[in-house]
Amino acid sequence: MNVDAGFMAPGGKSWIREWLFTIDHKRIGMLYLWCIMAFFIVGVFLGLLIRMELFWPGRDFIGPQTYNAVFTLHGVIMIFIVVIPSIPAAFGNIFLPLQLGAEDVAFPRLNMFSFWLYLIGGATALISLFTGGGAPDTGWTFYVPFSAVTTTNVSVAVAGVFILGFSSILTGLNFIVTIHRLRAPGLSWTRLTLFAWALYATAWIQVLATPILSITVVLIIIERLLGMGIFDPARGGDPILYQHLFWIYSHPAVYIMILPAMGVISDIIPVFCRKSIFGYKTIVGSSLAIAFAGSLVWAHHMFVSGMSDTAVMVFSLLTFIVAVPSAIKVFNWLSTMYKGSIRLEPPLVYALGFIFLFAMGGITGLVLGSAGTDMHVHDTYFVVGHFHYVIFGGTGFGMFAAIHYWFPKMYGRMYNRKQAMIAAVLLIIGLNGLYFPMYLLGLQGMPRRYYDYLPQFTPLHQLSTYGSWITFVGLALMLWNLVRSRYKGAPCGRNPWKAATLEWTLPSPPPTHNFDEVPVVTHGPYDYSEVRDDD
Amino acid sequence: MTEHRDYVGAKMGMWLFLFTEILLFGGLFVLYSVTLGRYPTEFHEASKLLDVTMGTTNTVVLITSSLFAALSVAALQKGSRKTAELFIGLTMALACCFLVIKYFEWSHKIHAGIYPGGETLVQWEPGKQAFFSLYYTMTGLHGLHVIIGMGVFTWVWAMIRLERCTPDHFVALENAGLYWHLVDLIWIYLFPLYYLIT
């Protein structure tokens, strides 16, 4: 068994032709994974730079303009290039067809095109840093009027976002058709893995929400290049409309980020508890409910923007409603573990970290969703703490759990489990050290995005920066362990976790053509009675 | 690996894509309706300045081209490749015609200083300015879709030539036709909203 077996084996052509022009879903997924990891590392260093600058009040390393560019970049890279495509584009591409018993996704060439759009979009966003009037300084939300008038290179950056959005739409479209059309015989909708269900709900959000972002960024470009004035009150426009359009996409986008991670967790927990998932149908229903209700809550980002009081109350209520299906999932995961035969392997540790951190972020989401308390903490570090708990603690940990769960399948080798555990624990401690002080800072009134702060905030900012260092050590250990194990890890068989989903019936790494004969599915994905101890 | 053909899947993918196009324009229609609600009189006044004759002609041109697109699909399904190619040619010719008329309309307005930042428009009240900002944005984006549609038809035409799109596997042409109907449909909404609300 070696790392260059199966679909990873070179086919005799040049690397570029074999990989960049591949239509094999597994290779495309691997390409996404590597690119996302590379961009993630860049984003992490930008984040560390922000924390370093905030170690003392006043100027430490970089000036205010650079600071604005750095947090904008950190946001744009992390949101649009890393977190949104992270699980669906990487692990969805690799494992969705395998879990369906299919040969490939429905549109393999479109899949390759999506990846190319992702590369071009990411490159465009990066080019915007080094050309024109300098890196954008608007924050990742590109709010008008500032984004319409700033002399920095906003047009190129949002063009990159437009291209990335197109890539995301095509991936979602591909997955919907794949799940509808390419399920193996016997694989009814109620036998789908929960990961596939989560991708299905996500794909609908990608298809239905992303076009609104596309038109919004097109309008920014038109506004900047042609001076249309669509958001300029002096010319009959309205800047609040920009916020509505932006959040109609970008709030559902939060669920594009979190739903696939929830799917990963729902797949991992039963495997390491040797117990069928508790409440399969409620998890499926809650994924769809999140996708639906999550599209109705965008204006909770705008409670202080000057909307009517009625709108504020309606959106506050709807925001509470979307918390219910998330809570249902947490309840189901915990119930699955109850009286299970628990094996504390690294994927499960990451999954438990996910549940804890996601709950920390989710509960503070209710503080922000209720209009009265939101008035107090709006645009403070409380918000920064909240979304980092949800996005890094949720999606990030979902991603790490997925890597540790599927790593043996992708490379046919096992990583060092002890190091993986230590890294996970370091990350959980580091993340709490990094983001919990932000809640306290926010409650005390420290505004977000500010370059400088009053001296009384110094201890909490320093605490947060210490947390960022612990997080960094955890990440470095995790990545080092994974990269080293890709070449030197102990070979593992086809099913080291004794899981029951279809991808584990294939050799590790899987062959290019996936299944030698089309599998016939006779039972659900979490039925362990027939899992054999064959390797 | 055998080549994977899935007629239903291909159609499903196209319909999903068309949904995204509708939502893309949907954002602009929302902006239009909010702005119309705010400045009903100014929209009424500004709309009078558009040339209804040209707009009507363009509507007829585009609907007819959509008919030709449908006929080309029917022709290919019946097995007559030549007729299909002819109808694709007619569709593209009318698409060109649409763009030429649009060009005359726009250049006429722009010469009169009625464009964002133009000397005439900047002196008008905000509602009228908003009308023309939206007019140029929405018809411009629609025009871009006409051009993209022509590109798609050129590609399908080449596919028919290369016998990759055949009477047995015509889904590429059918999907191009669907796309063209959407472009037509969006114009059918744009036309009354801009030309006929006086």
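Quick caveat: nothing in here was measured; it's all calculated off a predicted structure.

Reading the values: the criteria
- Residues numbered from 1 in each chain as written.
- Chains lettered and ligands numbered in written order.
- Predicted model: local features only at pLDDT ≥ 70, side-chain atom pairs only at ≥ 80, totals over all residues.
- Heavy atoms only, no water.
- UniProt positions renumbered as here; feature names shortened; annotations may be inferred.
- Helix = DSSP H or I, 4+ residues; strand = E, 2+ residues; numbered from the N terminus.
- Buried < 20%, exposed > 50% of the residue type's maximum accessible area, 1.4 Å probe, protein only.
- Contact = heavy atoms within 4.5 Å.
- Buried area = accessible area lost by both parts, 1.4 Å probe.
- Salt bridge = Lys/Arg side-chain N within 4 Å of Asp/Glu carboxyl O.
- Polar contact = N/O pair within 3.5 Å; in protein donor to acceptor, adjacent residues only side chain to side chain.
- Phe/Tyr/Trp six-rings, centres within 6.5 Å; stacked < 30°, edge-to-face > 60°.
- Patch = residues over 30% accessible without salt bridge, like charges linked within 9 Å, V, L, I, M, F, W, Y side chains within 5 Å.
- Areas by Shrake-Rupley, 256 points an atom, 1.4 Å probe, with all protein chains shown as cover.

## Things to note about the UniProt feature "transmembrane region" (unreviewed entry) in chain B
All names here are of chain B. Cross-referencing UniProt, the feature "transmembrane region" (unreviewed entry) maps to residues 12–32, 52–74, 86–104, 134–157 and 178–197 in the present numbering. End-to-end, the C-alpha atoms of residues 12–32 are 30 Å apart, and along that stretch the chain is 100% helix and 0% strand. Secondary structure over residues 134–157 splits into 100% helix and 0% strand, and the C-alpha atoms at its two ends are 34 Å apart.

## Considerations on the environment of B:P126
As for its position among the elements, B:P126 is in helix α5 (residues 126–161). In this structure B:P126 comes out as partly exposed when scored by relative accessible area, which is 32%. Distance in space between the C-alpha atoms of B:P126 and B:T83 is 51 Å, their sequence separation being 43 residues. Once residues within four sequence positions are removed from consideration, B:P126 is found in contact with A:P233, A:A234, A:R235, A:G236 and B:Y39.

## Examining the interface of chain B and chain A
At the junction of the two partners, chain B supplies 30 residues and chain A supplies 33 residues. The contact between chain B and chain A buries some 2700 Å² in all, and 74% of this surface belongs to carbon and sulfur atoms. The partner of A:R181 in a salt bridge is B:D6, with the nearest N and O atoms 2.9 Å apart. Secondary structure elements with two or more residues in the side of chain B that touches chain A: α1 (7–38) and α5 of chain B.

## A word on the UniProt feature "domain: Cytochrome oxidase subunit I profile" (unreviewed entry) in chain A
Here, the residues flagged by UniProt with the feature "domain: Cytochrome oxidase subunit I profile" (unreviewed entry) are residues 19–522 of chain A. Between the C-alpha atoms that bound residues 19–522 of chain A there is a distance of 35 Å. The span itself is 70% helix and 1% strand.

## Notes on the environment of A:Q99
All names here are of chain A. Among the secondary structure elements, Q99 is positioned in helix α3 (residues 64–100). Separated by 88 residues in the primary sequence, Q99 and L187 place their C-alpha atoms 9.7 Å from one another. The residues contacting Q99, other than those within four sequence positions of it, are L187, T193, F195, A196, D267, W406, T501, L502 and E503. In this structure the side chain of Q99 is engaged in a polar contact, spanning 3.1 Å, whose partner is the side chain of D267. At a separation of 3.2 Å, a polar atom in the side chain of Q99 contacts the side chain of E503.

## As for the packing of aromatic side chains
Residue and element names in this part refer to chain A. Within the structure shown, the criterion is met by 70 aromatic pairs over all chains. Relative to F354, the ring of W333 has its centre 5.7 Å away and its plane inclined at 75°; by these criteria the two rings are edge-to-face. With W333 in helix α10 (residues 309–337) and F354 in helix α11 (residues 346–369), this pair connects stretches of sequence that are 21 residues apart. F354 carries the same exposure label as W333, and that label is buried. Ring centres of F397 and F400 lie 5.9 Å apart, and the angle between their planes is 55°; on these two criteria the pair is classed as tilted.

## Points about a nonpolar patch on the surface
All names here are of chain A. Residues M52, F61, L463, Y466 and W469 make up a contiguous nonpolar surface patch of about 480 Å² in total accessible area. In terms of residue count, helix α15 (residues 458–488) provides more of the nonpolar patch than any other element does, 3 residues in total. Structurally, the position occupied by Y466 is in helix α15. For Y466, a relative accessible area of 39% puts it in the partly exposed group.

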